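# Residue-level structure breakdown
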Number of protein chains: 2
Amino acid sequence: MHIEILNTGTELLLGNTLNTHGSWFGRQLFNMGLRVARQSTVPDGEAIREAFEEMVLRSDALLITGGLGPTSDDLTREIVAESLGLELHQDEQALRTLESFFSIRGKPMVAANLKQVLVPTGADVLPNPNGTAPGLYLPPRINRLSNCAIFLLPGPPRELYPMFHNEVAPRLRSLSGCSDVASVCELKFTGIGESDFHHGIDDELAALAGLEYGYCARMGEVDLRLIGNDQVISTARDLVLEKFSEFLISDDGTSLEATVTRLLREKGKKLATAESCTGGLIANRLTNVPGASEVFTHGWVTYANEAKMDQLHVAKNLLEMHGAVSEEVARAMAEGALQESAADCALSVTGIAGPDGGTEEKPVGTAWLGLAVRGKKTQTVRVFHPRNRKDFKQAVSQSALNLVRLEIRG
Amino acid sequence: MHIEILNTGTELLLGNTLNTHGSWFGRQLFNMGLRVARQSTVPDGEAIREAFEEMVLRSDALLITGGLGPTSDDLTREIVAESLGLELHQDEQALRTLESFFSIRGKPMVAANLKQVLVPTGADVLPNPNGTAPGLYLPPRINRLSNCAIFLLPGPPRELYPMFHNEVAPRLRSLSGCSDVASVCELKFTGIGESDFHHGIDDELAALAGLEYGYCARMGEVDLRLIGNDQVISTARDLVLEKFSEFLISDDGTSLEATVTRLLREKGKKLATAESCTGGLIANRLTNVPGASEVFTHGWVTYANEAKMDQLHVAKNLLEMHGAVSEEVARAMAEGALQESAADCALSVTGIAGPDGGTEEKPVGTAWLGLAVRGKKTQTVRVFHPRNRKDFKQAVSQSALNLVRLEIRG
C-alpha cells in the first residue's frame, strides 16, 4: 500500500517550526505494518494544489495535515474539494458540535469558524474533541482523479494524534487488508561509533537474506535498525550482540535515560545529580521518564562556584588550585551530592560549554564526570565533545548517563 | 527561484529520527531572501530515483541530503549520476583528503570508504572537514534533464551546516542573482491563545495590502509571522502591539529563556530555580543560552519531599498539611531557594506531571509556581496544563519563565 504524507504550512518551511509529523506518522504506520512511501511539506496556499494533484495519482492513501483552521491562510479543505470537483456544504452535526465546543468554554463562536464545518459531498466528518477543526475522510468512491483514499487532518498534535488513532487507523487497516507485517528491532548503542559497526559487522549483516538494516548516528548514540521476519532478525541480533553487547543501551528503542531509570529501579537504588555545564539537562532527561521519582530524589544545578561550595561542600582551595573544570572538582561535587542526599550514587558533571571560557589546556568541549557510589572509590572520567552549546550538553549528558548505566548494570 | 529539498533516509520515515533539516534549510534560505518551495523525504534506495527525477524537472536548485556514507544503503551519489548519465571517477584530491582524515585520527581507512570519493564527471567536490563524505555540486551545464543546479550533501548536521555556509550558500547566491528580499518579523507571544489574535486583529491584518502573515501555536506560545516590505511590516507590527504588547516575548524570534536571560542581565539581577515537577527543564532552558552563568547561579531539582525539606527548608508540616503540590509549598520552595542562594529572585515549581499521582482536587496537569524577590511579597500562581508528561513540563516551564519575565520587566 503506497501511503504518502503531505504537511502543509508556510511556518514549516521558513524554519520557525520543526515538522514532527513526518516522524510521528512513520512510527504509527510502521506499528500497523505499513510504511510511508514519501513525506512532503509545502507552504500554505496554491502549492498545496500542485502537490496534492501529483500525490493523489501516486498513492493508495494520502494523509494531509494542516490548513483546516478558521483563518484566511487555511485553504486545504477548499483546494482538495475543488481539485476533486466536490461541492462544499455546511454539516449540521459538525456545526452543533462546534457550537457546543465554544459554549462549554464560555467563548463566542465567530463567523470565521463556520468554514470549519464545510464538508465535501460524500466525505465523512472525523470528530475532533480537542479542537475546532473536524477532520475529513474522502473515500476512493468520491475521488474522480484516482483510487486514493484521502484524509484531511488538523495540524496541532493534541488534535491530530487522537484523531489518527480513533478515525484514521481503523480506516487504513480496513483499506490495506491483511498486509504482511515485518518485525523491527531497534538496537541503541552508546560509547561506540557508526564506523565501528561498519568494520565489525556490516558484511555479516549484508549476507543475511531478507534482512533490511540501517544505522543512524545521533549525538553520543548509534541506532541500528533491523527489519525482516522474526527469524532473520533474531539471527542478526545475535550476530551484533556477540560483538557489541557491552555498548547496548536497549533492544526495543528505549532511551538511555529510561534504561538507567529501569536499572536503578530493578536494583532498588537511588541516584542524585550535581550538574554544572549540563545545567539541569541530565535531571530533565531522567524526569521525562514516568516513575522517575522512585529513583531520582535530589538534583543540583551548581552553575556558579559559590553554589558548588555552598551546596556541595566543594573546597575553595580545590576550585582555586584546579579550576571548576577538573577531576578534583568533579569528584568533590559527586561526593558532596552523595553526602547531602540519601541516594546510593551521585553523578556529577563540570565542563566548558562555550562559546567562551575555553583555554589551551581546557578547550571548549572539555568536561569531567564523577560518579560516587556508597562504599566505593569515586570514579572520574574526562570527556571531550567539541560541539555547539546544545549538542555539547546532549553529548556530555549521554556520556554521564552511560557511566551510571555501566556502574548499575555491574 | 524554485528550490526544493530532498531528505533521504529510511530512518526519517520509520519514526526513529526527527527530520530537522527541512526547518533548518528553510531558515537559512529565508535569511538569503530565498524560499523552499517543497521539502520531501523518501527512504533509502530506489525511491530516491523517482523523487529525484520529478524534482529536478520542477526546480531551479535541488538540495539533497543523506546517502553519501560508506555503507550499502548509501546510494544517492550512484542514483543521481545514473539518472543524469554521468560516469563516476575516483577524485584524487578527495582521496588524499580522506586518507589524511583517517591518519590524523589514527584510524585505518577501509575499502568501503573509497566509494565516498567517487565523483560524477563535471561535478565540483565540496570539502567536508567534519566527516568522511565530501559533498558534490552538479552545475546546470552537466544536467541533461533540466536546468536545475544539484547539491548532494551529507546528513549529519555538524557536517551539513558548515558545508552549506561555505559551499552551498555562495553558489545559490550567484545562481539566484539579486532576488527581491522580503523582510520578515517574528513576534513571539505567551499567555494568550491563537484565537485571541484571530478575534482581535485578523481582520485588520488581512486588510493590509502586500502583507503575508500566519500564526503558529506551540506549547504555551503563539508566534505571529509578518512578511512583506519594511513599511507594511512596520504598520502591521504597530497594529498588533497596540493590542497585545503585554504578551510579547520578543519581536526577533528570541526564545523566552533568552529574553529572560537578557532582561536579568540588563537589570543586573540573578535568578535561582527550585524545581520539582519540571525536573530541571527550566534550568536546562536557561543554560542553553550563552552567557547564562552571568544571571543563573543556583538551581535545585528537589524531586522528593526530603529534598524540599533538606535543601530548601520547606517545613514538614506544610508538606503534610497541604501536600507537595500546593501554594504553601511553592512559596516555601521559592523563599528557601532565595535564602540559600545569593540570587535576587528565586522561581519555584511544584506540580503533578502524571501519568500517575492525580486526585480529584489536584488532577494531573496541576502546578503551583512561586516567585520570591528580595524585599517583596512572594507571588504564587496556580496553572493547569493537562498534557502528556513532556508537554506538561514544557508548558509549565513556559508559564514559570513568563512569571519571571513579567516581574523583571516591571
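Counting starts from 1 at the beginning of each chain's written sequence and moves along it residue by residue. Each chain takes a letter, starting from A, and each ligand takes a number, starting from 1, following the order in which they are written. Residues qualify for local features only when their pLDDT is at least 70, as the model is predicted, and side-chain atom pairs are given and counted only at 80 or more; totals for whole chains, interfaces and linings, by contrast, use all residues. Water and hydrogen atoms were dropped before computing side-chain values, which therefore reflect all heavy atoms in the structure.

## Brief notes about the overall build of chain A
The line we're drawing: Counting from the N terminus, the helices are the DSSP runs of H or I reaching at least four residues and the strands are the DSSP runs of E reaching at least two. Partly exposed residues are those whose accessible area sits between 20% and 50% of the maximum for their type, while under 20% is buried and over 50% is exposed, using a 1.4 Å probe and protein chains only. Contacts are assigned to residue pairs that have any heavy atoms within 4.5 Å of one another. Computed by Shrake-Rupley with a 1.4 Å probe, the accessible areas treat only the displayed protein chains as cover when residues are assessed. Counting rule for charge: Lys and Arg are taken as positive, Asp and Glu as negative, and neither His nor the chain ends is counted. We put the charge of a Lys on NZ, of an Arg on CZ, of an Asp on CG and of a Glu on CD.
Within chain A one finds 14 helices and 17 strands. Dimensions of chain A, computed from C-alpha atoms along their principal axes, come out at roughly 80 × 60 × 40 Å. Here chain A holds 410 residues, and the buried ones make up 59% of them. Of the contacts formed within chain A by residues at least 6 apart in sequence, a portion of 68% connects residues at least 24 apart. In the form shown here, chain A has an accessible surface area of approximately 16,000 Å², with 50% of it arising from carbon and sulfur atoms. Once the 40 positive and 52 negative side-chain charges of chain A are each reduced to a mean point, those two points are 5 Å apart.

## Regarding the sheet that holds strand S8 (residues 149-153) of chain A
The cut-off we apply is this: Criterion used throughout: strands pair if DSSP finds at least two bridges between them. A fitted line through C-alpha atoms serves as each axis, taken over the contacting stretch for helices, and the angle formed by two N-to-C directions is quoted from 0 to 180°.
If you trace the 12 strands from one edge of the open sheet to the other, you get S6(A)-S7(A)-S8(A)-S3(A)-S1(A)-S2(A)-S2(B)-S1(B)-S3(B)-S8(B)-S7(B)-S6(B), paired in mixed fashion. In this open sheet, the two strands that pair with only one neighbour each are strand S6 (124-126) of chain A together with strand S6 (124-126) of chain B. Here the average twist between neighbouring strands, direction ignored, is 15°. Where strand S3 (residues 61-65) of chain A lies against S8(A), 5 bridges are found, and the strand directions are parallel. Within the sheet, the bridge partner assigned to A:Thr65 lies in S8(A) and is A:Leu153. Of the strands in this sheet, strand S1 (3-8), strand S2 (36-42), S3 and S8 of chain A touch helix H2 (residues 21-31) of chain A, which is tilted by about 155° from S1(A). Its contacts with the sheet put helix H3 (residues 47-58) of chain A on S1, S2, S3 and S8 of chain A together with strand S2 (36-42) of chain B, and the angle it makes with S1(A) is roughly 175°.

## Comments concerning the nonpolar core
The condition is simple: Buried Ala, Val, Leu, Ile, Met, Phe, Trp, Tyr and Cys residues that are joined via side-chain atoms within 4.5 Å together make up what is termed a nonpolar core.
If you look at the biggest cluster of nonpolar residues, it comprises 32 residues, and the most contacted ones within it are A:Leu312, A:Val314, B:Leu312 and B:Val314. Elements that contribute at least two residues to this core include exactly strand S13 (271-275), helix H12 (316-322) and helix H13 (327-340) of chain A together with strand S13 (271-275), helix H12 (316-322) and helix H13 (327-340) of chain B.

## Describing the pattern of salt bridges
Side chains carrying opposite charge are able to pair once their charged atoms draw close together. Residues and elements named next belong to chain A. Here is the rule we go by: Within this document, salt bridges are pairs made up of a side-chain nitrogen of Lys or Arg and a carboxyl oxygen of Asp or Glu, the two lying within 4 Å of each other.
According to the stated counting rule, one finds 40 salt bridges over all chains in the structure shown. Taking the shortest distance from any N to any O, the salt bridge between Lys243 and Glu204 comes out at 2.9 Å. Taken as a pair, Lys243 in helix H8 (residues 230-244) and Glu204 in helix H7 (residues 194-206) lie far apart in primary sequence, 39 residues in all. In this structure Glu204 comes out as partly exposed when scored by relative accessible area, which is 33%. Notably, a salt bridge pairs Arg331 with Glu327, separated by 3.7 Å at the nearest N-O pair. On the criterion of helical spacing, the pair formed by Arg331 and Glu327 is a turn pair, its members being 4 residues apart in helix H13. Judged by relative accessible area, Arg331 falls into the partly exposed class, the value being 27%.

## Comments concerning the relation of the copies chain A and chain B
Rule in force here: C-alpha atoms of residues with pLDDT of at least 70 in both copies form the basis for the least-squares superposition of the copies.
Mapping chain A onto chain B is achieved by rotating through 180° and translating by 0.1 Å along the same axis, at an RMSD of 0.2 Å. The transformation just described matches what one would write down for a two-fold rotation axis. Of the interface residues in chain A, 100% have counterparts in chain B that sit at the interface too, so the contact is made through matching surfaces.

## Quick notes on the interface of chain A and chain B
The criterion, for reference: Summed over both partners, the accessible area (1.4 Å probe) lost when two parts come together is defined as the buried area. Nitrogen and oxygen atoms within 3.5 Å of one another constitute a polar contact, given that in protein one can donate a hydrogen and the other can accept it, and given that sequence-neighbouring residues count only through two side-chain atoms.
With 83 residues of chain A in contact, the opposing surface of chain B contributes 83 residues. Summed over both partners, the interface of chain A with chain B comes to about 6,600 Å²; 49% of that surface belongs to carbon and sulfur atoms. The interface formed by chain A and chain B holds 6 salt bridges in total. Among the salt bridges present, the one from B:Glu54 reaches A:Arg58, with a minimum N-O distance of 2.8 Å. Our count for the contact surface shared by chain A and chain B stands at 36 residue pairs in polar contact (both at pLDDT 80 or more).

## Section: the side chain of B:Thr190
Residue and element names in this part refer to chain B. In this fold, Thr190 is placed in the loop between strand S9 (183-189) and helix H7 (194-206). Judged by its relative accessible area of 4%, Thr190 is buried. Each residue touching Thr190, except ones within four places of it in the same chain, is listed here: Gly220, Phe247, Ile249, Gln398, Asn402 and Arg405.

## Some remarks on the sheet that holds strand S10 (residues 212-218) of chain B
Residue and element names in this part refer to chain B. Spatially, the 4 strands line up as an open sheet ordered S10-S11-S9-S12, and their pairing is antiparallel. Edge positions in the open sheet fall to S10 and strand S12 (248-250), since each of these has one partner strand only. The average undirected angle you get between the axes of adjacent strands in this sheet is 30°. Direction of pairing for S9 relative to S12: antiparallel, over a ladder of 2 bridges. Bridge pairing in S12 links Lys188 to Ser250. Strand contacts of helix H8 (residues 230-244): S9, strand S11 (221-228) and S12, with the helix running at about 10° to S9, the strand carrying the most contacts.

## With respect to the packing of helix H11 (residues 305-312) of chain B against H13(B)
Residues and elements named next belong to chain B. Quick reminder of the rule: Working definition: roughly parallel below 35 degrees, roughly antiparallel above 145 degrees, roughly perpendicular at 65 to 115 degrees, and oblique for all remaining angles. Crossing handedness follows the turn of the near helix against the far one: under a right angle anticlockwise gives a left-handed crossing, and clockwise gives a right-handed one. In this classification, the charged set is Asp, Glu, Lys and Arg, the nonpolar set is Ala, Val, Leu, Ile, Met, Phe, Trp, Tyr, Cys and Pro, and all remaining amino acids, among them Gly, are polar.
Interhelical geometry of H11 versus H13 gives an angle of 40° and a closest axis separation of 9 Å. The angle between the axes of H11 and H13 places the two elements in the oblique class. Judged by the sense of rotation from one axis to the other, the crossing of H11 with H13 is left-handed. Packed against H11, whose contacting residues are Lys308, Gln311 and Leu312, the element H13 presents Val329, Ala332, Met333, Gly336, Ala337 and Glu340 at the interface. Of the residues in the contact of H11 with H13, the class split is 5 nonpolar, 2 polar and 2 charged.

## What about H3(A)?
Note that an α-helix has 3.6 residues per turn; residues three or four places apart therefore point the same way. We count it as follows: Under the convention used throughout, the expected extent of a helix is 1.5 Å for every residue step, that is, one less than its residue count.
Taking 1.5 Å as the rise per residue, H3(A) with 12 residues should run 16 Å; its terminal C-alpha atoms sit 17 Å apart, in good agreement. Of the positions making up H3(A), those classed as buried are A:Ile48, A:Arg49, A:Ala51, A:Phe52, A:Met55, A:Val56 and A:Arg58.

## Quick notes on the environment of A:Gly67
All names here are of chain A. With respect to the helices, strands and loops of the structure, Gly67 is situated in the loop between S3 and helix H4 (76-83). Expressed as a C-alpha distance, the spacing of Gly67 and Arg77, which sit 10 residues apart in the sequence, is 7.4 Å. Setting aside residues up to four positions removed in sequence, Gly67 forms contacts with Thr8, Asp74, Leu75, Thr76 and Arg77.

## As for the packing of helix H9 (residues 256-267) of chain A against helix H14 (residues 389-409) of chain A
When two helices pack together, their arrangement is given by the angle between their axes and by how far apart the axes lie. Residues and elements named next belong to chain A. It is the contact of H9 with H14, at a shortest axis distance of 10 Å, that shows an interaxial angle of 30°. With respect to H14, the element H9 is oriented roughly parallel. Considering how the two elements wind past one another, H9 and H14 form a crossing that is left-handed. Along its contact with H9, which presents Leu256, Glu257, Thr259, Val260, Leu263, Leu264 and Lys267, the element H14 presents Gln398, Leu401, Asn402, Val404, Arg405, Ile408 and Arg409. Broken down by class, the residue content of the contact of H9 with H14 amounts to 7 nonpolar, 3 polar and 4 charged.

## A closer look at the pairing of strand S10 (residues 212-218) of chain A
Two faces, one strand: in a regular strand the side chains alternate between the faces of the sheet. All names here are of chain A. Relative to strand S11 (residues 221-228), S10 runs antiparallel, the two sharing 7 bridges. Along S11, the bridge assignment pairs Arg218 with Glu221. From the end of S10 to the start of S11, which pair antiparallel, there are 2 residues, and Gly220 there has a positive phi angle of about 75°.

## Remarks on the packing of aromatic side chains
Under the convention used in this document: What counts as a ring pair is set by centres within 6.5 Å for rings of Phe, Tyr and Trp (its six-membered ring), and what kind of pair is set by the plane angle: stacked under 30 degrees, edge-to-face over 60, tilted for all other angles.
This model, assessed by the stated rule, comprises 18 aromatic pairs over all chains. Considering the side-chain rings of A:Phe197 and A:Phe244, the 4.7 Å spacing of their centres and the 50° angle between planes classify their relative orientation as tilted. Highlighted residues: A:Phe197 in helix H7 and A:Phe244 in helix H8, separated in sequence by 47 residues. Both rings, one in B:Trp24 and one in B:Tyr161, keep their centres 3.9 Å apart while their planes meet at 5°; by these two values the pair is stacked. Remark: B:Tyr161 occurs in helix H6 (residues 157-176) and B:Trp24 occurs in helix H2 (residues 21-31); sequence separation between them is 137 residues. For B:Trp24, a relative accessible area of 13% puts it in the buried group. Counting every residue linked through ring pairs, the aromatic cluster contains A:Trp24, A:Phe25, A:Tyr161 and A:Phe164.

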